[in-house]
Amino acid sequence: RQLRCWPPQQLTAGAELQRSMDDYRKIGLGLTCAGVLFLLLGVMLFFDKGLLAMGNVLFLAGVSLIIGPRGVVRFFFQKRKVRGTSCFLGGIFLVLVGWPVFGMAIELFGFLNLFGDFFPVVLGFLRNLPVVGHVLSLPPVRSFTDRFVAKARLPV
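Residues numbered from 1 in each chain as written. Predicted model: local features only at pLDDT ≥ 70, side-chain atom pairs only at ≥ 80, totals over all residues. Heavy atoms only, no water.

Asker: Could you clarify how one ought to interpret the side chain of Glu-107 in this entry?
Answerer: If you trace the backbone, Glu-107 turns up in helix H5 (residues 100-115). Buried Glu-107, no salt bridge; nearest opposite-charge side chain is Lys-49, N-O distance 15 Å. A polar side-chain atom of Glu-107 sits 3.4 Å from a polar atom in the side chain of Asn-56. Not counting residues within four places of it along the chain, the set of residues in contact with Glu-107 comprises Asn-56, Cys-87, Phe-88, Gly-91, Ile-92 and Val-95. (Helix = DSSP H or I, 4+ residues; strand = E, 2+ residues; numbered from the N terminus. Buried < 20%, exposed > 50% of the residue type's maximum accessible area, 1.4 Å probe, protein only. Lys, Arg positive; Asp, Glu negative; His and termini not counted. Salt bridge = Lys/Arg side-chain N within 4 Å of Asp/Glu carboxyl O. Polar contact = N/O pair within 3.5 Å; in protein donor to acceptor, adjacent residues only side chain to side chain. Contact = heavy atoms within 4.5 Å.)

This is the structure in structure tokens:
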């Protein structure tokens, strides 16, 4: 005998995504978003050391909870990403020591080297969103962004 639920439940894409994420990934996503928020606030408030340091710590904790300890080691310590990792972690160290402007500049360079492969994938996702996709399909914006999507490949 088969049990049935009434009313029948159909899973939406959001519910399916939420169901597939475990608690560590949910917490990691929250920490990563909070870290980005603190980093943006720290930059907007003239490179406030405390906000930037808190943002860096939250961002790293969130990423490590999302992809796990093995994923962190595999992602950050690849041979081709040594320069990006060293600049990113060196920039975080400079921010923590008290040199926020230089630290953020070096950290930004490292971030672009580490996560630059994800930008075409994110841009392809944004093109499928209702409002943002319309803006990205405007001719001047599309000609600018086509340079990035043409070399899109998954970074994993």
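Asker: Would you explain the nonpolar core in this entry?
Answerer: Within soluble globular proteins, side chains that are nonpolar tend to cluster in buried spots. Counting residues in each nonpolar core, the largest one holds 9 residues, listed as Phe-59, Val-63, Val-72, Phe-75, Phe-76, Phe-88, Ile-92, Leu-114 and Phe-115. The set of elements that each furnish at least two residues to this core consists of helix H3 (49-76), helix H4 (82-97) and H5. For Val-72, the residues in contact, after removing those within four places along its chain, are Val-63, Ser-64, Ile-67 and Phe-77. (Core = buried A, V, L, I, M, F, W, Y, C linked by side-chain atoms within 4.5 Å.)

Asker: Help me understand the pattern of salt bridges, please; the structure alone is not making it clear to me.
Answerer: As a working rule, side chains carrying opposite charge can pair if their charged atoms are close by. Per the counting criterion, the structure on display carries 2 salt bridges. In this structure, Asp-117 engages Arg-80 in a salt bridge whose closest nitrogen and oxygen atoms are separated by 3.4 Å. Of the two residues, Asp-117 sits in the loop between H5 and helix H6 (119-126) while Arg-80 sits in the loop between H3 and H4, which places them 37 residues apart along the sequence. With relative accessibility at 52%, the residue Arg-80 sits in the exposed group. With a closest N to O distance of 3.0 Å, Arg-127 and Asp-146 form a salt bridge. One end of the pair, Arg-127, is in the loop between H6 and helix H7 (130-136); the other, Asp-146, is in helix H8 (residues 139-149), and 19 residues separate them in sequence. For Asp-146, a relative accessible area of 33% corresponds to the partly exposed category.

Asker: Just to check I follow, could you spell out a nonpolar patch on the surface for this structure?
Answerer: Taken together, the side chains of Leu-37, Leu-41, Met-44 and Leu-45 define a hydrophobic patch exposed on the protein surface, amounting to about 400 Å² of accessible area. When you line up the elements, Leu-41 lands in helix H2 (residues 23-44). Look at Leu-41 and you get partly exposed, because its relative accessible area is 33%. (Patch = residues over 30% accessible without salt bridge, like charges linked within 9 Å, V, L, I, M, F, W, Y side chains within 5 Å. Areas by Shrake-Rupley, 256 points an atom, 1.4 Å probe, with all protein chains shown as cover.)

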